[in-house]
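Secondary and tertiary structure notes
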Amino acid sequence: MDKVRVRFAPSPTGTLHIGSARTALYNYLFARHHQGTFVLRIEDTDVKRSRREYEESIVRDLHWLGLSADEGPDAGGDHGPYRQSERGQLYEDGVQRLLETGHAYHCFCTQERLDRLKEEQLARGEMPKYDRLCLGIPPEVVAERLAAGEEATVRFKVPAGDWPFRDLIHGPISFSAEVIGDFIIKRTDGGYAYNYAVVIDDAGMKITHVIRGEDHITNTARQLMLYEALGENAPEYGHHSLIHGADGGKLSKRHGATSIGEFRDMGYLAPAVVNYLALLSWSSGDEREKFTLEELVEAFDMSRVSKSPAIFDIDKLNWLNGLYIRELPVEELAELIRPYLHEAGIELAEAQRPVVTAALQANLVILEDAPEFAQLFVEEMDPAESAPADKLRSPGVAAVMQIMHEARAARKAEFLSLDEGHELMKEVGARAKEQGLKGKAVFMPLRVALTGRESGPELFYLVSGLPRGRILERVQSARRVAESAG
RNA sequence: GCCCCCAUCGUCUAGUGGCCUAGGACAUCGCCCUUUCAAGGCGACGGCGGGGAUUCGAAUUCCCCUGGGGGCACCA
């Protein structure tokens, strides 16, 4: 086999969508697995909707995912240009070639006539297709009308017959030319149609395998015809299924976040997103669920990509994200959550940061949730006024508070290390025990006193990560509640 | 309407004629661990869309039906 060359060809009319990202991933994995080349091509023939800033954001998102291209507008390469808007001459050369060889012809039909034609055919229950009215116009007449400045499109003359191909994922698929009308390859505005431009580009860029979404499956026949008319070798095709929303419909905005950027902003980690996307429609065959990009490259195989559509399941993504968060080094997690805390107005002290980060690491699903967990380390709170204040009115609570107060007061540092926190709690536990207090009777009141809540991180995190002054205040307040209860 | 694709637990999937009393993961539920909540460990619940056919034997092959998705543009 020739050296594998695949491409990801987004149109810059929006940001990188979760579905497109999966297409990019499959292309990337296929290329890397076969030591091939991954090309990025920008399909910006739709001048009205394409924007350079979208191209930039797509490149940025791909990079974030770790799927940077080997060749592309940003990376360069020997098969450029990599933007369709810069490939006009190549398209024009091809059109002339098809015109000269009789594979294409000028069409002067108006939009009105085409609309009417389609309407009639639909009413008769036929598949709408161009009726070849302009194919019969003599060449000299065509030349005259063109010279007179009449608007025209160029249509491809669809060759009859069956157009079978072997799809990398689906196996044999065949289309009859019967159902395909002569399609436009060059528009009146001088632009070139997608199905045509793609062929010129894939041929010119020596693409060997086209891996794309199933929505392109019916385009394949048209493209195969074009390859033959152009005298070029067609690549192999693989069409993966589309991602659906929880209701079974096409994934859209109303299903929540759909763009890679949104997931990044919420605090999903790139390796988790990549891992999840790979698992949608693909499985390794063994029972592994967790893969790094490198492991995916190693294990990826097109024949193991599922044919059926997959429903986007945020629960599983969340699970994977939590997995990746839990294995992050604390310092790294601390840096990652910093912007989210800042956004929420939470600035942790240097000595406090590792403690708070470690405390929330086990619970965090997405980075965005960090402030909610960190909140109790920075908020103003008086246990006497907290909801579970009743928990402070049990016998022995005053004594427990006294012990905690002494223990913490004896340590002068504003914050403690986790080791010191552990040690402090051991001391408190031991001293309480001497007074016949233990278990829930000592720890639940302490929790309520320190946080005003009945659940949360382990106590050693709290005594380490809460400021000394606050601990002393709260313990005093809790003690007053206990004593007033008699 | 016409063409194409798809069909295993709620979800993602393993399964390519006998290893299937259908395996794993997420979710759910329960138990354990734990001074709380999580995390973690263990376990439970739960599925081959329907009907024919081929075969000694079908989740696996073929046909029909049903259901879902995609396409049928001077969008990509």
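Everything numeric here is computed off the predicted structure, so don't read it as measured data.

Definitions and cut-offs
- Residues numbered from 1 in each chain as written.
- Chains lettered and ligands numbered in written order.
- Predicted model: local features only at pLDDT ≥ 70, side-chain atom pairs only at ≥ 80, totals over all residues.
- Heavy atoms only, no water.
- Domains from an automatic or database assignment.
- Near = heavy atom within 4 Å.
- Polar contact = N/O pair within 3.5 Å; in protein donor to acceptor, adjacent residues only side chain to side chain.
- Helix = DSSP H or I, 4+ residues; strand = E, 2+ residues; numbered from the N terminus.
- Phe/Tyr/Trp six-rings, centres within 6.5 Å; stacked < 30°, edge-to-face > 60°.
- Buried < 20%, exposed > 50% of the residue type's maximum accessible area, 1.4 Å probe, protein only.
- Core = buried A, V, L, I, M, F, W, Y, C linked by side-chain atoms within 4.5 Å.
- Contact = heavy atoms within 4.5 Å.
- Lys, Arg positive; Asp, Glu negative; His and termini not counted.
- Salt bridge = Lys/Arg side-chain N within 4 Å of Asp/Glu carboxyl O.
- Pairing = 2+ DSSP bridges.
- Axes fitted to C-alpha atoms, helices over the stretch in contact; angles between N-to-C directions.
- Right-handed = clockwise from strand over helix to strand, strands pointing away.
- Parallel < 35°, antiparallel > 145°, perpendicular 65-115°, else oblique.
- Left-handed = near helix turned anticlockwise from the far one by under 90°.

On domain assignment, one finds that chain A holds domain 1 (87-240), domain 2 (253-331) and domain 3 (380-484). Its C-alpha centre places domain 2 at a distance of 42 Å from the equivalent point of domain 3.

Taken together, 63 residues are adjacent to RNA strand B, and Arg187, Thr188, Thr218, Phe443 and Gly456 come closest. Sugar and phosphate atoms constitute 71% of the interface atoms of RNA strand B, taking the interface as everything within 4 Å of the protein. Measuring from a sugar or linking oxygen of RNA strand B, one finds a side-chain N or O atom of Glu214 at 3.0 Å. Residue assignment for the surface near RNA strand B shows that the elements contributing at least two residues are helix H4 (111-123), strand E6 (171-176), helix H6 (194-204), strand E11 (310-311), helix H11 (314-326) and helix H17 (440-451).

Two aromatic rings, taken as a pair, are described by how far apart their centres are and by the angle between their planes. Applying the stated rule across the entire model yields 13 aromatic pairs. On the basis of an interplanar angle of 45° and a centroid distance of 5.3 Å, the ring pair of Tyr91 and Tyr192 is categorised as tilted. Of this pair, Tyr91 sits in helix H3 (residues 88-100) while Tyr192 sits in the loop between strand E7 (184-186) and H6; the two residues are 101 residues apart in sequence, bridging distant segments of the chain. Here Tyr91 falls in the buried class, since its relative accessible area comes to 1%. When the ring of Phe156 is compared with that of Phe183, the centres are 5.4 Å apart and the planes differ by 40°; the resulting orientation is tilted. Here the residue Phe156 occupies a position in strand E4 (residues 153-156), and Phe183 occupies one in the loop between E6 and E7, the gap between them amounting to 27 residues. In this structure Phe156 comes out as buried when scored by relative accessible area, which is 0%. Each residue in the set Tyr26, Trp282, Phe291 and Phe300 is aromatic and connected to the rest through ring pairs, giving one cluster.

A few words now on the nonpolar core. Ranked by size, the top nonpolar core spans 103 residues in total, and within it Leu25, Trp282, Phe312 and Leu446 carry the most contacts. If you count residues domain by domain, this core takes at least three from each of domain 2 (253-331) and domain 3 (380-484). When near neighbours in sequence (up to four residues on either side) are disregarded, Leu25 contacts Leu67, Val274, Leu277, Ala278 and Leu293. Of all hydrophobic cores here, the second largest spans 35 residues; its members include Val39, Val95, Leu98 and Ala221.

Let us now look at the environment of Gly456. Mapped onto the elements of the fold, Gly456 is located in the loop between H17 and helix H18 (459-465). As for Gly456 and Phe373, which are separated by 83 residues in sequence, their C-alpha atoms are 8.6 Å apart.

Next up on the list: unusual backbone geometry. Located in the positive-phi region is Lys206, a residue other than glycine, with phi close to 55°. With respect to the helices and strands, Lys206 occurs in the loop between H6 and strand E8 (209-213). Assessed through its relative accessible area of 49%, Lys206 is described here as partly exposed.

Along helix H13 (residues 353-361), eight of the nine residues are buried, which leaves the element largely enclosed by surrounding structure. Considered for burial, the residues of H13 that qualify are Arg353, Val355, Val356, Thr357, Ala358, Ala359, Leu360 and Gln361. Among the structural elements, H11, helix H12 (330-343), helix H14 (370-378), helix H16 (418-434) and H18 are those in contact with the buried residues of H13.

Take the side chain of Asp167 next. Of note, Asp167 is situated in strand E5 (residues 162-167). No salt bridge is formed by the buried Asp167; its nearest oppositely charged neighbour, Arg212, is found at 7.3 Å. There is a polar contact of 2.6 Å between the side chain of Asp167 and the side chain of His239. The residues touching Asp167, leaving out its near neighbours within four places in the chain, are Ile173, Tyr237, Gly238 and His239.

Strand pairing in a sheet takes place through backbone hydrogen bonds and is either antiparallel or parallel in direction. One open sheet accounts for three strands, arranged E3-E4-E7; its pairing is antiparallel. Among the strands making up the open sheet, the edge pair consists of strand E3 (104-107) and E7. On average, each strand axis in the sheet is inclined to that of its neighbour by 45°, with strand direction left out of account.

Moving on: the pairing of strand E2 (residues 37-40). Here E2 shows two buried faces, one formed by Thr37 and Val39 and the other by Phe38 and Leu40. Once the chain exits strand E1 (residues 5-8) it traverses helix H1 (residues 18-33) before rejoining the sheet at E2, and the crossover so formed is right-handed.

Attention now moves to the pairing of E8. Most of E8 sits inside the fold, with five of its five residues counted as buried. With five bridges connecting them, E8 and strand E9 (residues 236-240) associate as parallel partners. Bridge assignment links Gly213 to a residue of E9, and that residue is His240. The parallel pair E8 and E9, bridged by helix H7 (residues 219-230), forms a crossover whose chirality is right-handed.

On to the packing of H13 against H14, then. The interhelical angle for the contact between H13 and H14, taken along N-to-C directions, is 125°, at an axis separation of 10 Å. It follows that H13 is oblique to H14 by the angle criterion. Pair H13 / H14 crosses with right-handed handedness. Facing H13, whose interface residues are Val356, Ala359 and Leu360, H14 presents Ala370, Phe373, Ala374 and Phe377.

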